[in-house]
Amino acid sequence: MASTSDIRKGLCIRYNNDIFKIIEFLHVKPGKGPAFVRTKLKSVTTGKVIDNTFSAGHKIEDVRVETRSYQYLYAEGETYHFMNTDDYNQITLEESSLDAPGLLKEGEVVKIMFNTEDSMPLSVDMPASVILEITYTEPGVKGNTATNATKPAKVETGAEVNVPLFINEGDKIKVDTEKGTYMERVKE
């Protein structure tokens, strides 16, 4: 058993007969009344995100997890195949258990969290950013860059990312996996 003071981003807890991963939390101490912790929880089974408030000192049941490195191999419909980088065992996960499946490139190494009690995969942690190549985008119009205007671009994984007008086909860009947004152009 843990208390609200142990809450941190990424912690897995058992709540309402389900396992949730904490995505955001904020410890609030109002001037009047008791302190509380406002959290945003994501169900690892359904992927639903809920908001919840725990009063300070509230006991929460944490789930013991183990993190292992896996390499993404390929997707087959809505099933994604991964290989353990240590013992080469392969596992399959549903698309709903991934945060940003559209930004996952073949060969990418991700961290997968497992419940230590029953060895069930709980969630997939992608790297903070990935480098992807632009496969299609409209050409930028010269003189149209007074504001930070963007245009849609398709990357090699098939996902669509809004990029600045100076980005062209064949350019490699760094994409934030949490928000799915353009970060910078990568020079080779």
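Refer to the structure presented above.
Attention in this report is confined to the structure presented alongside it. Note that the structure is a prediction, hence the values are computed from the model and not measured. (Residues numbered from 1 in each chain as written. Predicted model: local features only at pLDDT ≥ 70, side-chain atom pairs only at ≥ 80, totals over all residues. Heavy atoms only, no water.)

Moving on to the sheet that holds strand β16 (residues 181–186). A sheet is described by the order of its strands in space; here five strands give the open sequence β14-β13-β12-β15-β16, paired in antiparallel fashion. Only two strands of the sheet have a single neighbouring strand rather than two, namely β14 (160–164) and β16. Along the sheet, successive strands turn relative to each other by an average axial angle of 55 degrees, direction set aside. Strand direction decides the pairing type here: strand β12 (residues 129–137) and strand β15 (residues 172–176), joined by five bridges, are antiparallel. Residue pairing for β15: Ile-131 is matched across the bridge by Lys-174. (Pairing = 2+ DSSP bridges. Helix = DSSP H or I, 4+ residues; strand = E, 2+ residues; numbered from the N terminus. Axes fitted to C-alpha atoms, helices over the stretch in contact; angles between N-to-C directions.)

To continue, consider the environment of Asp-125. Inspection of the secondary structure puts Asp-125 in strand β11 (residues 121–125). Measuring from C-alpha to C-alpha, the distance between Asp-125 and Arg-38 comes to 23 Å, with 87 residues separating the pair along the chain. For Asp-125, the residues in contact, after removing those within four places along its chain, are Lys-21, Val-110, Lys-111 and Met-113. A polar side-chain atom of Asp-125 sits 2.7 Å from a polar atom in the side chain of Lys-21. (Contact = heavy atoms within 4.5 Å. Polar contact = N/O pair within 3.5 Å; in protein donor to acceptor, adjacent residues only side chain to side chain.)

So, about the nonpolar core. Phe-82, Leu-103, Leu-104, Val-110 and Ile-112 are the most contacted members of the largest nonpolar core, which has 26 residues in total. Those elements giving two or more residues to this core turn out to be β7 (65–76), β8 (79–84), β9 (90–94), β10 (109–115), β12, β13 (150–155), β14 and β15. Looking at this core, you find at least three residues from each of domain 2 (65–125) and domain 3 (129–185). Once you skip the residues sitting within four places of it in the chain, Val-110 turns out to touch Arg-68, Ser-69, Tyr-70, Phe-82, Leu-104, Val-124, Asp-125, Met-126 and Pro-127. Among the nonpolar cores identified, the runner-up in size contains 10 residues, and Leu-11, Phe-20, Val-37 and Ile-60 belong to it. (Core = buried A, V, L, I, M, F, W, Y, C linked by side-chain atoms within 4.5 Å. Buried < 20%, exposed > 50% of the residue type's maximum accessible area, 1.4 Å probe, protein only. Domains from an automatic or database assignment.)

Let us now look at the sheet that holds β9. Strand order in the open sheet formed by five strands is β9-β8-β7-β10-β11, and the pairing between neighbours is antiparallel. What marks the edges here is a single partner per strand, and that holds for β9 and β11. Looking at each pair of strands side by side, their axes are set apart by 40 degrees on average, direction ignored. Across four bridges, the pairing between β10 and β11 is antiparallel. Following the sheet pairing, Phe-114 is matched in β11 by Pro-121.

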